[in-house]
Amino acid sequence: MKRVFLFLPLVVALAVGIFLFAGLGKDPTKLDSALIGKPVPEFSLENLADPELTMDTSVFKGEVSLLNVWAEWCPSCWDEHEYLMHLARDKGVRIVGLNYKDQRENAFRFLNRLGNPYETIIFDPEGKLGFDLGVYGAPETYVISADGIVLHRHVGVVNEQVWQQELLPIVNEARGES
Amino acid sequence: MRVAMLLLLAAFWLAGPASAEVQEVYDFDTRAEEQRYQQLISELRCPKCQNQNIADSNAPISKDMRDQVYRMMRQGASNEEIVDDLVARFGEFVQYKPPVDKRTIVLWAFPAIAAIGGFLVVAGVLWRARRRNEQDSALSDDEKRRAERILKDQGGSSDR
């Protein structure tokens, strides 16, 4: 019986090892959104192209969308833009833009140079909606269901791998349900 | 020398307001309110620069969070309401002190568990050691008499 206790340190070491190993691959800078499963926060902001047009959460109703948080000043947004163009043009993905803490002229310059993958763009110069969404680092991309529920958040650049492995399964599932 | 000292003092005096510009200045009605604000922002964690609190961080997101803390304080919100509001946006990550609930109870209870566990181990070792001593020293009356006889003999022999 006492012999069994001699194995206790080994068992403890293995348990701790497995626990720590599971945490190794995780990126601690990627946080889960606190809004998963909740509706997009209420907002009332101007459209980027048309200041007269006020936008609210109804922009997400009716179709599964990606909500892409971007700004001209954000270097990674330049990197991911080409892929967003590809998603919108070739895959027919509906992308709503959230222009975050940016200036209109800069945003237009950005779009003129790289193209516009967005169906419509919310202009959020003070980062109000960004704050309510818990945006902590552009670019961020949210999957929003057809009834305006936040399904997923990806922090960082969207590329082929992220789309195929992370976003597409969620988008497909959401499309299947609605 | 005195002139140099004066120049140095002047330099510090001029530098004071310049360095204060790094953080925005908020007005508080009372000293207690300001301390409450400082306390709150030192307990909230910046989601971008992960090992800093929002009091120390220069990230824009930290400034937004400080603004929100200040705004809510002005509106008369309690500390709990302010923290809950930020947790609702950014998740529990922003709290340095996790709340006590089902998922965190092991975390909170761990120091007590470790202390009690350690105490039990020490107590167990001591108890076993004492029991062994008692067993070893427990001689029957016969053995005691024999031992005394041997000791006496040896005492006599050493006199030779």
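Summary of the structure given here. (Residues numbered from 1 in each chain as written. Chains lettered and ligands numbered in written order. Predicted model: local features only at pLDDT ≥ 70, side-chain atom pairs only at ≥ 80, totals over all residues. Heavy atoms only, no water.)

Turning next to the interface of chain B and chain A. Facing 16 residues of chain B, the contacting portion of chain A comprises 15 residues. Put simply, chain B and chain A have two salt bridges between them. The partner of B:Asp64 in a salt bridge is A:Lys101, with the nearest N and O atoms 2.6 Å apart. Along the contact surface separating chain B from chain A lie two residue pairs in polar contact (both at pLDDT 80 or more). Put simply, the parts of the chain that give the side of chain B that touches chain A at least two residues each are helix 3 (60–74) and helix 4 (79–90) of chain B. Across the side of chain B that touches chain A, the residue classes break down as nine nonpolar, three polar and four charged. (Contact = heavy atoms within 4.5 Å. Salt bridge = Lys/Arg side-chain N within 4 Å of Asp/Glu carboxyl O. Polar contact = N/O pair within 3.5 Å; in protein donor to acceptor, adjacent residues only side chain to side chain. Helix = DSSP H or I, 4+ residues; strand = E, 2+ residues; numbered from the N terminus. Nonpolar A, V, L, I, M, F, W, Y, C, P; charged D, E, K, R; others polar.)

Quick look at the packing of helix 3 (residues 75–90) of chain A against helix 4 (residues 104–114) of chain A now. Residue and element names in this part refer to chain A. Where helix 3 contacts helix 4, the two axes come as close as 11 Å, and the packing angle between them is 50°. One way to sum up the angle between helix 3 and helix 4 is to call them oblique. Note on packing geometry: the crossing formed by helix 3 with helix 4 is right-handed. Contacts from Cys-77, Trp-78, His-81 and Met-85 of helix 3 reach helix 4 at Phe-110, Leu-111, Arg-113 and Leu-114. When the residues that make up the contact of helix 3 with helix 4 are grouped by side-chain class, the tally is six nonpolar, one polar and one charged. (Axes fitted to C-alpha atoms, helices over the stretch in contact; angles between N-to-C directions. Parallel < 35°, antiparallel > 145°, perpendicular 65-115°, else oblique. Left-handed = near helix turned anticlockwise from the far one by under 90°.)

The final tally for this structure, using the stated rule, is ten aromatic pairs over all chains. An aromatic cluster of three or more residues is present, and its members are A:Trp70, A:Trp78, A:Phe110 and A:Tyr118. Above the face of the B:Phe93 ring, B:Arg45 is positioned so that its terminal group lies 3.9 Å from the ring centre. (Phe/Tyr/Trp six-rings, centres within 6.5 Å; stacked < 30°, edge-to-face > 60°. Lys NZ or Arg CZ within 6 Å of the ring centre and 35° of its normal.)

What follows concerns the state of the cysteines. Residue and element names in this part refer to chain A. Taken as a whole and assessed by the stated rule, the structure comprises one disulfide over all chains. There is a disulfide in this structure between Cys-74 and Cys-77, and the S-S distance comes to 2.1 Å. Taking the torsion about the sulfur-sulfur bond, which here is approximately 90°, the covalent link between Cys-74 and Cys-77 counts as right-handed. The pair formed by Cys-74 and Cys-77 is uniform in burial state, with each residue classed as buried. (Disulfide = S-S within 2.5 Å. Buried < 20%, exposed > 50% of the residue type's maximum accessible area, 1.4 Å probe, protein only.)

Since the α-helix turns once every 3.6 residues, residues separated by three or four places project in the same direction. Residues and elements named next belong to chain A. Here helix 3 contains 16 residues, and its C-alpha end-to-end distance of 24 Å stays within 8% of the 22 Å for a straight helix at 1.5 Å per residue. Of all bends in helix 3, the biggest is about 40°, found at His-81. For helix 3, the full list of buried residues reads Cys-77, Glu-80, His-81, Tyr-83, Leu-84, Met-85 and Leu-87. Remark: Gly-92 follows helix 3 within two positions and exhibits a positive phi of approximately 65°. (Expected span 1.5 Å × (residues − 1). Bend = angle between axes of the 7 residues up to and from the residue.)

Another aspect to go through is the nonpolar core. Membership of the largest hydrophobic core comes to 46 residues, with the highest contact counts inside it found for A:Phe43, A:Phe60, A:Leu67, A:Trp70, A:Leu87, A:Ile122 and A:Trp163. Taken together, the elements giving at least two residues each to this core come down to strand 3 (65–70), helix 3, strand 4 (95–100), helix 4, strand 5 (120–124), helix 5 (128–133), strand 6 (140–144) and helix 6 (160–177) of chain A. The element contributing the most residues to this core is helix 6 of chain A, with six residues. Once you skip the residues sitting within four places of it in the chain, A:Phe43 turns out to touch A:Met55, A:Asp56, A:Thr57, A:Val59, A:Phe60, A:Ile122 and A:Leu129. Residues A:Leu31, B:Ile41, B:Phe90 and B:Val94 belong to the second largest nonpolar core, which totals 27 residues. (Core = buried A, V, L, I, M, F, W, Y, C linked by side-chain atoms within 4.5 Å.)

On to the sheet that holds strand 5 of chain A. Residue and element names in this part refer to chain A. Taking strand neighbours across the sheet as the criterion, the five strands line up as 5-4-3-6-7 in an open arrangement whose pairing is mixed. The open sheet has two free edges, formed respectively by strand 5 and strand 7 (150–155), since each of these has just one partner strand. The sheet shows a mean angle of 20° between the axes of neighbouring strands, taken without regard to direction. The sheet contact formed by strand 3 and strand 4 spans five bridges and is parallel. Counted as the bridge partner of Leu-67 is Val-96 from strand 4. (Pairing = 2+ DSSP bridges.)

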